[in-house]
Amino acid sequence: MNSYRITTLNDFIIQKQKDFSYASGDLSSLLSHIGTAAKIVNKKMNKAGLVDILGKSGSVNIQGETQQKLDVFADKAFTEALRACGECCGIATEENQNEIVFTGRLEKKGKYIVCMDPLDGSSNIDYNVSVGSIFSIYRRISPRGKTAKIEDFMQPGINQVAAGYVIYGSSTMMVYSTGNGVNGFTLDPSIGEFCLSHPNIKTPVNGNIYSINEGNYTYFPLGIKKFLKFCQEKDEDNERPYTSRYIGSLVSDFHRNLLIGGIFLYPQNERAPQGKLRVVYECNPMAFLAEQAGGAASDGFNRIMEMELKALHQRSPFYVGSLNMVQKVKEFLKAYPD
Ligand code: AHG
Ligand code: MN
Ligand code: MN
């Protein structure tokens, strides 16, 4: 990258503002606030191991999962950044049972709601494994000027106006889409700015990586067991066996597969009969990004983004990544019903 010709996240957001259907600048401002909150979370994350922010917070979230201190920190950082920006009238996150509606006069006028997994892969934090933050943005359905309603947060994924993630990895990146392709920005710590590093990301139609927690093999649907055997078999064209890669952080596994091609699978299993991943703030935003990059996302039978929501923390089996690999999983599930 020529360091004299950098495009910062904020430059890019402003340049692209004209691409939004309602280009009033509100969404630009919202995205820019998410970028700022991500920098705050990143800063804290970098101190992990030096100050007392690792480990469990002592509390349990709505889903019965032990919250890490950094889960709580990231949740607060994003919630407060979005409250302060004025364009957002409410937020739903993994860490809160119900949606949080902003009641201030300015925020109630906000056009957008945001759904977030403030810290994804948080069980990996203590071991210096890459984690992330995932966001999904919708235009509200309820009238502006009133407090947001639950219907605003329960829209199908196809209504997303933007989605993205931040990955806190060997470098920190923000990857997002407003429905006109996917772009990635790398944080340059020397200037404290996200700089455009991965313009117009397209994911390979055929990948050769499969990512799944194979420890749950015994519980998988028959179609998935057969698909895994297919991935591991040698074929005449020497394309298989595929490579297995699983970090256990959705953002990290998704990010790698997005760039080099592959599929991420999280089927239902006996311990998680509906699957593990949550539709609103994990599956839908990743599905939006995958499709924008030329990939696909399915629950095994139907498009994730068309799923009807019955609960805020609803879970779903999740298959996302290279178009032909997701298609193959669907074929196996159809051919081998349980
Ligand atoms: P979170 O940390 O937000 O609860 O999400 C954890 C998720 C996801 O990041 C990852 O893909 C998955 O859990 C891993 O689950 P297993 O440990 O069951 O493989
Ligand atoms: Mn998560
Ligand atoms: Mn999380």
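Residues numbered from 1 in each chain as written. Chains lettered and ligands numbered in written order. Predicted model: local features only at pLDDT ≥ 70, side-chain atom pairs only at ≥ 80, totals over all residues. Heavy atoms only, no water.

**Description of the coordination of the manganese ion (ligand 2)**
Part 1: Only Asp-117 (OD), Asp-120 (OD) and Glu-282 (OE) from the protein coordinate the manganese ion (ligand 2), and they sit 1.9 to 2.2 Å from it.
Part 2: We note that the donor set of the manganese ion (ligand 2) lies within a single chain, spaced as D-x2-D-x161-E.
Part 3: A gap of 3.8 Å separates the manganese ion (ligand 2) and the manganese ion (ligand 3), which Asp-117 links by coordinating each metal. Separated by 165 residues along the polypeptide, Asp-117 in strand E5 (residues 112-120) and Glu-282 in helix H8 (residues 279-292) bring together distant segments of the chain. The same class applies to Asp-117 and to Glu-282, which are both buried. (Donors = N, O, S within 2.8 Å, 3.2 Å for Na, K, Ca; no water. Helix = DSSP H or I, 4+ residues; strand = E, 2+ residues; numbered from the N terminus. Buried < 20%, exposed > 50% of the residue type's maximum accessible area, 1.4 Å probe, protein only.)

**A closer look at the coordination of the manganese ion (ligand 3)**
Part 1: Around the manganese ion (ligand 3), the protein contributes the donor atoms Glu-94 (OE), Asp-117 (OD) and Leu-119 (O), which lie 2.1 to 2.2 Å from the metal centre.
Part 2: Within one chain, the residues serving as donors to the manganese ion (ligand 3) are arranged as E-x22-D-x1-L.

**Focus: the packing of helix H1 (residues 9-16) against helix H2 (residues 26-46)**
Part 1: Interhelical geometry of H1 versus H2 gives an angle of 165 degrees and a closest axis separation of 10 Å. One finds that H1 runs roughly antiparallel with respect to H2. Taken as a pair, H1 and H2 cross one another with a handedness that is right-handed. On the side of H1, the interface is formed by Leu-9, Asn-10 and Ile-13, while H2 contributes Ser-28, Leu-31, Ser-32 and Gly-35.
Part 2: Each residue belonging to the contact of H1 with H2 can be placed in one class, and the counts come to 3 nonpolar, 4 polar and no charged. (Axes fitted to C-alpha atoms, helices over the stretch in contact; angles between N-to-C directions. Parallel < 35°, antiparallel > 145°, perpendicular 65-115°, else oblique. Left-handed = near helix turned anticlockwise from the far one by under 90°. Contact = heavy atoms within 4.5 Å. Nonpolar A, V, L, I, M, F, W, Y, C, P; charged D, E, K, R; others polar.)

**What to know about the side chain of Asn-284**
Part 1: Summarising the element assignment, Asn-284 is placed in helix H8.
Part 2: Overall, Asn-284 belongs to the buried group, its relative accessible area being 1%.
Part 3: Filtering out sequence-adjacent residues up to four positions away, Asn-284 remains in contact with Tyr-138, Pro-156, Gly-157, Gln-160, Val-279, Ile-304 and Met-305.

**Considering the domain arrangement of the protein chain**
Part 1: When cut into domains, the protein chain gives domain 1 (9-198) and domain 2 (209-335).
Part 2: Using only C-alpha atoms to locate each centre, domain 1 and domain 2 end up separated by 24 Å.
Part 3: When the two sides are added together, the surface that domain 1 and domain 2 hide from each other amounts to roughly 2,800 Å², 64% of it contributed by carbon and sulfur.
Part 4: On the domain 1 side of the interface with domain 2, the three residues burying the most area are Ile-134, Met-154 and Tyr-165, jointly 21% of the side's total.
Part 5: Across the domain 1-domain 2 interface, the total number found is 1 salt bridge.
Part 6: Close ionic contact of Glu-94 with Arg-278 constitutes a salt bridge, the shortest N to O distance being 3.3 Å. (Domains from an automatic or database assignment. Buried area = accessible area lost by both parts, 1.4 Å probe. Salt bridge = Lys/Arg side-chain N within 4 Å of Asp/Glu carboxyl O.)

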